[in-house]
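Architecture at a glance
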Amino acid sequence: MLSNSLSSAEDFKFEIPYKSLYGVINAPNKEEALLNLKNYLTKEWYQGHNDTGWYNNHKSSEDIYNGYWSFESGAIAKILELDDHILKDIPYYPYDMVHYLED
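Keep in mind the model is a prediction, meaning the values are calculated, not measured. (Residues numbered from 1 in each chain as written. Predicted model: local features only at pLDDT ≥ 70, side-chain atom pairs only at ≥ 80, totals over all residues. Heavy atoms only, no water.)

1. Quick word on the overall build of the chain
Per the secondary structure count, the chain includes 5 helices and 0 strands. Expressed as a percentage of its 103 residues, the buried residues of the chain come to 34%. Restricting to contacts in the chain with at least 6 residues of sequence separation, those with at least 24 account for 50%. Accessible surface, the chain: about 6,900 Å² in total, of which carbon and sulfur atoms supply 51%. (Helix = DSSP H or I, 4+ residues; strand = E, 2+ residues; numbered from the N terminus. Buried < 20%, exposed > 50% of the residue type's maximum accessible area, 1.4 Å probe, protein only. Contact = heavy atoms within 4.5 Å. Areas by Shrake-Rupley, 256 points an atom, 1.4 Å probe, with all protein chains shown as cover.)

2. Things to note about the nonpolar core
Ranked by internal contacts, the top residues of the largest apolar core, which has 21 residues, are Leu21, Val24, Leu37, Leu41, Leu82, Leu87 and Tyr93. For this core, the secondary structure elements donating two or more residues are helix H2 (22-25), helix H3 (30-44), helix H4 (71-79) and helix H5 (95-98). Here this core gets 5 residues from one element, more than from any other, and that element is H3. For Leu82, the residues in contact, after removing those within four places along its chain, are Lys30, Ala33, Leu34, Leu37 and Ala77. (Core = buried A, V, L, I, M, F, W, Y, C linked by side-chain atoms within 4.5 Å.)

3. Quick word on the side chain of Asp84
Following the sequence through the fold, Asp84 ends up in the loop between H4 and H5. Within the buried set, Asp84 has no salt-bridge partner at all; the shortest N-O distance to an opposite charge, 7.7 Å, is to Lys78. Residues within four places of Asp84 in sequence aside, it is in contact with Leu34, Ala77, Tyr93, Tyr95, Val98 and His99. (Lys, Arg positive; Asp, Glu negative; His and termini not counted. Salt bridge = Lys/Arg side-chain N within 4 Å of Asp/Glu carboxyl O.)

4. A word on the packing of aromatic side chains
Taken as a whole and assessed by the stated rule, the structure comprises 1 aromatic pair. Relative to Tyr95, the ring of Tyr93 has its centre 6.5 Å away and its plane inclined at 55°; by these criteria the two rings are tilted. Across the pair, Tyr95 and Tyr93 agree in class, each one buried. (Phe/Tyr/Trp six-rings, centres within 6.5 Å; stacked < 30°, edge-to-face > 60°.)

5. Brief notes about the pattern of salt bridges
Scanning the model with the defined rule gives 1 salt bridge in all. Where Lys30 meets Glu81, a salt bridge forms, and the shortest distance between an N and an O atom there is 4.0 Å. With a gap of 51 residues between them, Lys30 in helix H3 and Glu81 in the loop between H4 and H5 connect regions that are remote in the sequence.

6. A few points about unusual backbone geometry
Of note in the backbone geometry, Glu81 takes a positive phi value of approximately 55° without being a glycine. Phi angles above zero are rare outside glycine, and Tyr92 is one such case at about 85°. With respect to the helices, strands and loops of the structure, Tyr92 is situated in the loop between H4 and H5.

Have a look at this one:
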């Protein structure tokens, strides 16, 4: 287990979509954590925010879209020291931010 700071998925204040991160944080190894994070980004993150004010901003006729970023995913990848290169081209993953100031 990479971390034991959460005892269950129910420890998340906002379960949708964040409870899926329990499987990332508590994965038995980094490879599984990375696969779980990829699944979270591709299948759960954007869809899980369908009740937010910014959801579907990219469809607006006004100039209000600035991008969608799962900052928590970048933070978790950095904290857990995951080799996140497979996430580089995944929508919503802030790869450039995670690797800022690296060679």
